Amino acid sequence: QANDTSFANGSGAAELDEGRFAIFSGTKLLVSDFNNNRVLVWNDIPVKSNTPPDLVLGQDDFYSNTPGLGAKKMNWPMGVATDGEKLIVGDANNDRVLIWNKFPTGNGEPADLVLGAPDFDTWPNYADRTQERNPKTRIYWPWDVWSDGKKLVVGSTGGGGALVWNTFPTRNNQPADILVGAKDFGERFKGTGGESLAEWIGGPRGIASDGRHLVIS
């Protein structure tokens, strides 16, 4: 981080305000810049300190940091995943997951799909119990995400468990195929799940896989 800042808490091209997740994919580096409501992308792994990123998502430029809904905005992004072509972002405070079918090439490029909400402009607020709570579609505070481009796993820290799509989603709000952490989808919002504590995952924070084995913390 440079000595001067564009915002009091650190924004601008080469500065972070609570960077949460960082992943490598080929030559690319991706970082979720939590409090600046954006994801930063370096097309080549930086070799010098304060190397500015090449791309910002969630904002139109490097000097904006306002949260929001829609296909172009984010609110406290957390987990990031890519297979080198598709890009997935856990948009935590919007209780949704954003998907780009092709890796973005321009600042503020809109996402193609949203999971956890029927459309880009709806916030499925976890605290609002009057809203529909379909256990196969609702996502609350997605802390981490994983994908190999064929399958998708999303950790839902609110409501418990990890949602698994056996084939990569192709439409908004597509239901998950499997719930890991409870014996069935009907147990999701009851506060306990599974027949034993060994089966129950309360608030998954990390997801890793080699495509065959799945690890959830």
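In this text, all values refer to a predicted model and were calculated from it rather than measured experimentally. Each chain has its residues counted from 1, running along the sequence as written. Note on the predicted model: pLDDT of at least 70 is required for a residue's local features to be given, and 80 or more for side-chain atom pairs to be given and counted; whole-chain, interface and lining totals, by contrast, use all residues. Based on all heavy atoms of the structure, the side-chain values leave hydrogens and waters out of the count.

## Here we look at the packing of aromatic side chains
When two rings of Phe, Tyr or Trp (its six-membered ring) have centres within 6.5 Å they constitute a pair, described as stacked for plane angles under 30 degrees, edge-to-face for angles over 60, and tilted for the intermediate range. Tallied over the full model, the rule gives 3 aromatic pairs. Grouped by ring-pair contacts, the aromatic residues F34, W76, W141 and W143 constitute a single cluster. Either the NZ atom of lysine or the CZ atom of arginine qualifies as a charge over a ring when it sits within 6 Å of the ring centre and within 35 degrees of the ring normal. The ring of F103 carries the charged tip of K28 above its face, separated from the ring centre by 5.0 Å. Over the ring of F168 we find K86; its NZ or CZ atom is 5.1 Å from the centre of that ring.

## Description of the pattern of salt bridges
Any Lys or Arg side-chain nitrogen located within 4 Å of an Asp or Glu carboxyl oxygen qualifies as a salt bridge. All told, the structure shown has 3 salt bridges when counted by the stated rule. Close ionic contact of D33 with R38 constitutes a salt bridge, the shortest N to O distance being 2.7 Å. Think of it in three bands: with a 1.4 Å probe and only protein chains considered, a residue is buried below 20% of the maximum accessible area for its type, exposed above 50%, and partly exposed in between. The exposure class of D33 is buried, given its relative accessible area of 0%.

## Regarding the sheet that holds strand β10 (residues 152-158)
At least two bridges found by DSSP between two strands is the condition for calling them paired. A run of DSSP states H or I qualifies as a helix once it reaches four residues; a run of E qualifies as a strand once it reaches two. Both are numbered from the N-terminal end. Taken in spatial order, the 4 strands line up as β9-β10-β11-β12 in an open sheet, and their pairing is antiparallel. What marks the edges here is a single partner per strand, and that holds for β9 (140-147) and β12 (178-180). Taken over all neighbouring pairs, the strand axes of this sheet differ in orientation by 25° on average, direction set aside. Examined bridge by bridge, strand β11 (residues 162-165) and β12 share 3 bridges and lie antiparallel to one another. When the bridges of β12 are listed, L163 appears paired with L179. To get an axis, a line is fitted to the C-alpha atoms, and for a helix only the part in contact is used. The angle between two axes follows their N-to-C directions and goes from 0 to 180 degrees.

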